[in-house]
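Examination of the molecular architecture
Below, each chain spelled out in residue letters.
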Amino acid sequence: MYKQKNDAIQPYGPIPSLRQLQWHETEFYSFIHFSINTFTDKEWGYGDEPAQRFNPSDFDADQIVTTIKAAGMKGLILTCKHHDGFCLWPSAYTEHSVKNSPWKNGSGDVVRLISEACHKHQIKFGVYLSPWDRNHSEYGKPAYVTYFKNQLTELLTQYGDIFCLWLDGANGGDGYYGGKSEVRAVDRLTYYGWTEIFELAHELQKNLVIFSDIGPDVRWIGNEAGWAGNPCWSRYTPKGIDGNPPAPGAVLSKEGIHGHRDGEFWIPAEVDVSIRPGWFYHAFEDSAVRTAENLIEIYYESIGRGCGLNLNIPPDRRGQIHQSDIDALRKFQSILDATFSQNLAANATIKADETCEDDRNHFEVNNLVDGNAHTYWTAGPNVKHPEITLQFPEKTEFNVISLREYLPLGQRVHGWAIDIWLDEKWVKFAEGESIGNRHLWRGTLLNSHKIRLRITDAPVCPVLSEFGVHKEPVVLKAPSIHRDSDDNIVINGNGTIHYTLDGTSPGTDSPVYRSPFEYNLSGCISALVADHGQTSEITCKQIGYPKKKWTLCAASSENPESPARNVLDASENSIWASMPYLQREPQWIEINMQENLKLKGFSYIPRQGENSACGLITHFLCEVSEDHENWTTAAQGEFSNIENNPIEQMVYFDKPESARYIRFTGLKVVEGDLVIVAGLNVFV
Ligand code: FUL
Ligand code: CA
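Residues numbered from 1 in each chain as written. Chains lettered and ligands numbered in written order. Predicted model: local features only at pLDDT ≥ 70, side-chain atom pairs only at ≥ 80, totals over all residues. Heavy atoms only, no water.

1. Observations concerning the nonpolar core
Core analysis: the biggest nonpolar cluster contains 103 residues, and F54, L76, L78, V110, I114 and L311 have the highest contact counts within it. The residues touching L311, leaving out its near neighbours within four places in the chain, are F28, Y29, S30, F31, M73, V273, S274, I275, L295 and L329. By size, the runner-up hydrophobic cluster in this structure holds 33 residues, among which are W576, L599, L616 and F639. (Core = buried A, V, L, I, M, F, W, Y, C linked by side-chain atoms within 4.5 Å. Buried < 20%, exposed > 50% of the residue type's maximum accessible area, 1.4 Å probe, protein only. Contact = heavy atoms within 4.5 Å.)

So, in structure tokens, the structure goes:
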């Protein structure tokens with residue numbers, strides 16, 4: 001790999017290390033979130049969960065690894081230890097591990113079984129080891145850092161080759177801590193001694209990349225929603241907060257979304273996102289698995305912007321990947337395959353306005369269509385704005401363009417444009433800034449016999465390794481479902497829409513949707529679109545109970561611009577914000593539902609569409625009452641990980657609760673002096 005020698009072209013700016021080049025080639029890999037949380041239905045365990053809770057009924061490492069391999073992924077990263085401190089391997093340094101679980105009578109080792117299956121199926125294996133540990137009694141003290149390094153050493157020496165060490169930014173907070181149950185803050189800059197930890201990891205595994213908010217090898221993109229910025233540069237200068245140096249968990253992570261065109265270091269981004277709303281498996285999310293259509297969008301907005309894609313597929317309580325996830329992955333992979341297995345540009349005559357004269361055999365323009373990222377074309381050291389033309393033997397339909405730069409020589413292109421030959425002249429249809437490992441442009445179907453790529457901005461001569469032209473198969477878009485302000489159910493889609501209300505999968509013999517309809521219940525509504533013998537994927541939507549009759553009893557405080565009644569409407573865009581500074585949390589809202597209901601649970605909709613942690617509730621209390629006099633606590637707990645993943649938070653009560661009134665209290669927020677609620681739903 002990367003053997004092409006060329007003294008004529010000098011690298012530009014920071015360039016990737018060998019381990020980073022190997023990571024770029026891995027491109028698409030899977031996160032496996034699996035632990036005690038799988039059995040307690042939590043996203044963040046507190047650290048006091050007994051090891052006995054871990055008991056997969058039919059663990060199958062082969063099933064997990066072959067499923068992700070069939071979906072086109074080349075690596076796998078396992079949550080060997082999540083924030084709750086439970087270890088999936090029998091660590092010599094703690095009792096809080098699989099060795100004290102009933103699974104295989106304590107003789108099991110998930111890390112061993114998964115790593116062996118990975119090696120057997122040629123999937124690279126990586127480890128997630130949470131720096132924050134809500135179980136360990138010494139967390140926050142120097143002894144814990146030694147413990148962390150000991151565990152890291154176990155993982156990096158006993159399980160073969162490791163391609164990635166994944167370090168989470170969540171650090172410190174409340175936890176069990178060996179029975180103390182208190183809040184422990186750490187100095188994120190100094191506590192862990194990151195430099196030493198990074199050195200230790202690289203020393204034990206020389207090909208391993210270290211992922212964290214700041215790299216050093218791979219950086220976090222800055223969201224958990226599955227998209228990178230456009231442009232997205234592999235170059236990056238991590239910046240700390242308030243003038244401090246950067247550290248994992250203490251970095252201006254929003255800058256990771258784009259990186260920096262002239263960044264000081266080569267620290268490319270990884271997009272991490274889950275195939276389900278949460279990171280761990282919850283049976284109640286079986287109908288909320290992302291559609292293949294949505295996974296495809298994520299692919300274009302992550303890998304297609306030069307990033308790696310780390311797609312989480314959480315195993316269920318058996319210890320296997322659930323059929324719903326398998327179905328979505330299969331469909332997703334078949335669309336990718338139909339799109340990318342053939343490069344239409346390979347049928348065209350390809351011409352560059354110039355090609356480096358030094359060594360024609362090595363730099364020829366056909367290197368752009370040989371499907372090999374290690375061979376490249378360049379116009380020569382003095383040509384900054386070259387052009388490439390593809391001439392097809394006949395008019396060709398396409399809607400995807402794929403470009404790659406030859407990474408060992410750096411990120412050299414700062415601007416590009418693509419034209420199509422239409423009515424005897426060139427017409428521009430696409431342009432962009434960054435390319436890097438890959439840029440995928442995706443648009444509506446075009447048809448021409450000539451396409452031209454122009455490099456419009458480059459500080460030095462560009463060096464490209466691939467130019468692809470592709471056509472996606474036509475896939476019917478799945479419908480969208482929501483409740484409108486009149487409480488009616490609205491389903492939108494192009495074609496005939498079929499739906500069900502009883503949780504079963506709709507088919508073409510299910511009722512046809514014609515216009516908005518009444519639905520005086522809550523539950524799962526499913527729909528698909530049928531057109532010309534084809535059917536779309538199924539959309540399932542958890543719809544809350546009608547809210548039109550609801551009235552507001554009172555709220556602890558409200559900002560007149562964001563009044564409390566906004567919680568009652570159907571829109572997620574209108575919010576209730578309590579008054580800042582007037583009173584710190586807790587802040588509460590009381591609602592009269594105007595009828596007696598048996599509630600199974602509720603959901604909190606945090607503010608959507610804004611990149612701000614202000615007012616996001618992390619700890620809540622939900623009380624219910626039949627008479628507004630006597631209140632019962634229906635649920636109290638934590639919306640873990642809401643900062644990074646601010647989606648609708650579903651809470652199911654331990655038992656159904658009779659209620660006419662509901663009081664929701666935000667006990668604690670991520671940031672700021674106020675509480676924000678975009679909506680509340682109840683489920684019967
Ligand atoms: C986050 C964690 O807090 C989540 O639980 C999850 O592991 C995700 C990948 O990273 O920051
Ligand atoms: Ca090539």
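So much for the structure itself; the text now carries on.
2. Quick notes on the sheet that holds strand 11 (residues 269–274)
Taken together, eight strands build a closed barrel; the order of strands is 1-2-3-4-7-8-11-12 and the barrel is parallel. Taken over all neighbouring pairs, the strand axes of this sheet differ in orientation by 25° on average, direction set aside. (Pairing = 2+ DSSP bridges. Helix = DSSP H or I, 4+ residues; strand = E, 2+ residues; numbered from the N terminus. Axes fitted to C-alpha atoms, helices over the stretch in contact; angles between N-to-C directions.)

3. Notes on the coordination of the calcium ion (ligand 2)
The protein atoms that coordinate the calcium ion (ligand 2) are N367 (O), D370 (OD), N372 (O), T375 (O), T375 (OG1) and S465 (O), at distances spanning 2.2 to 2.7 Å. In this structure, the calcium ion (ligand 2) is surrounded by six donor atoms whose angles at the metal cover 67 to 164°, and the resulting shape is irregular. All donor residues of the calcium ion (ligand 2) come from one chain, and their arrangement in sequence is N-x2-D-x1-N-x2-T-x89-S. Taking relative accessible area as the criterion, D370 reaches 36% and is therefore assigned partly exposed. (Donors = N, O, S within 2.8 Å, 3.2 Å for Na, K, Ca; no water. Tetrahedral: all angles 85-135°; square planar, octahedral: opposite > 155°, others 65-115°.)

4. Considering the site of ligand 1
Taken together, 13 residues form the shell around ligand 1, and within it H33, H82, H83, Y128 and D168 come nearest. Here an oxygen atom of ligand 1 sits 2.9 Å away from a polar atom, N or O, in the side chain of H82. Within the contact set of ligand 1, an oxygen atom lies 2.9 Å away from a side-chain nitrogen or oxygen of H83. For ligand 1, whose unbound accessible area comes to 300 Å², protein coverage reaches 98%. Residues of the shell around ligand 1, tallied by class, amount to five nonpolar, five polar and three charged. (Near = heavy atom within 4 Å. Polar contact = N/O pair within 3.5 Å; in protein donor to acceptor, adjacent residues only side chain to side chain. Areas by Shrake-Rupley, 256 points an atom, 1.4 Å probe, with all protein chains shown as cover. Nonpolar A, V, L, I, M, F, W, Y, C, P; charged D, E, K, R; others polar.)

5. Structural notes on the pairing of strand 11
Among the six residues that make up strand 11, six are buried, leaving the element largely enclosed by the rest of the structure. The alternating pattern of strand 11 places A269, V271 and V273 and E270, D272 and S274 on opposite faces, both of which are buried. Across five bridges, the pairing between strand 11 and strand 12 (residues 308–312) is parallel. In the sheet register, V271 faces strand 12, and the bridge partner there is L309. On the question of chirality, the crossover connecting strand 11 to the parallel strand 12 by way of helix 7 (residues 292–302) is right-handed. (Right-handed = clockwise from strand over helix to strand, strands pointing away.)

6. Comments concerning the side chain of R134
The topology assignment puts R134 in the loop between strand 3 (124–129) and helix 5 (142–158). A distance of 3.0 Å separates a polar side-chain atom of R134 from the backbone oxygen of G45. In this structure the side chain of R134 is engaged in a polar contact, spanning 2.8 Å, whose partner is the backbone oxygen of D174. Among all residues touching R134, those that are not within four sequence positions of it are W44, G45, Y46, G47, H83, D84, D174, G175, Y176, Y177 and E638.

7. Some words on the pattern of salt bridges
In this structure the tally under the stated criterion is 29 salt bridges. Here D419 and R452 are joined by a salt bridge, their closest N and O atoms 2.8 Å apart. Placement of the pair is D419 in strand 16 (residues 415–422) and R452 in strand 18 (residues 439–457), with a sequence separation of 33 residues. For D419, a relative accessible area of 2% translates into the label buried. For K428, the salt bridge identified is with E431, shortest N-O distance 3.1 Å. (Salt bridge = Lys/Arg side-chain N within 4 Å of Asp/Glu carboxyl O.)

8. Notes on the packing of aromatic side chains
In this structure the tally under the stated criterion is 44 aromatic pairs. Measuring from ring centre to ring centre gives 5.1 Å for Y139 and Y144, while their planes differ by 70°; the resulting arrangement is edge-to-face. Given a relative accessible area of 1%, Y139 falls into the buried group. Y144 gets classed as buried once you look at its relative accessible area, which sits at 0%. Each ring, one from F602 and one from F620, has its centre 5.7 Å from the other, and the planes form 65°; the classification is edge-to-face. (Phe/Tyr/Trp six-rings, centres within 6.5 Å; stacked < 30°, edge-to-face > 60°.)

9. Observations concerning the packing of helix 5 against helix 6 (residues 194–204)
Across the interface, helix 5 lies against helix 6 with an axial gap of 10 Å and an inter-helix angle of 20°. For the element pair helix 5 / helix 6, the angle class is roughly parallel. When the axes of helix 5 and helix 6 are compared, the crossing they make is right-handed. Listed contacts from helix 6 to F148, K149, L152, T153, L156 and T157 of helix 5 are E196, I197, L200, A201 and L204. For the contact of helix 5 with helix 6, a count of residues per class yields seven nonpolar, two polar and two charged. (Parallel < 35°, antiparallel > 145°, perpendicular 65-115°, else oblique. Left-handed = near helix turned anticlockwise from the far one by under 90°.)

10. Topic: the packing of helix 3 (residues 61–70) against helix 4 (residues 110–120)
Look at helix 3 against helix 4: their axes get within 9 Å of each other, and the N-to-C directions meet at 45°. One element, helix 3, and the other, helix 4, form an angle in the oblique class. In this structure, helix 3 meets helix 4 at a crossing whose hand is right-handed. Contacts between helix 3 and helix 4 pair A61, D62, I64 and V65 from the former with L113, I114, A117, C118 and K120 from the latter. Of the residues that constitute the contact of helix 3 with helix 4, the class distribution is seven nonpolar, no polar and two charged.

11. Details of helix 6
Looking only at helix 6, the buried set comprises W194, I197, F198, L200, A201 and H202. Against helix 1 (18–26), helix 5, strand 4 (164–166) and strand 7 (209–212) lie the buried residues of helix 6.

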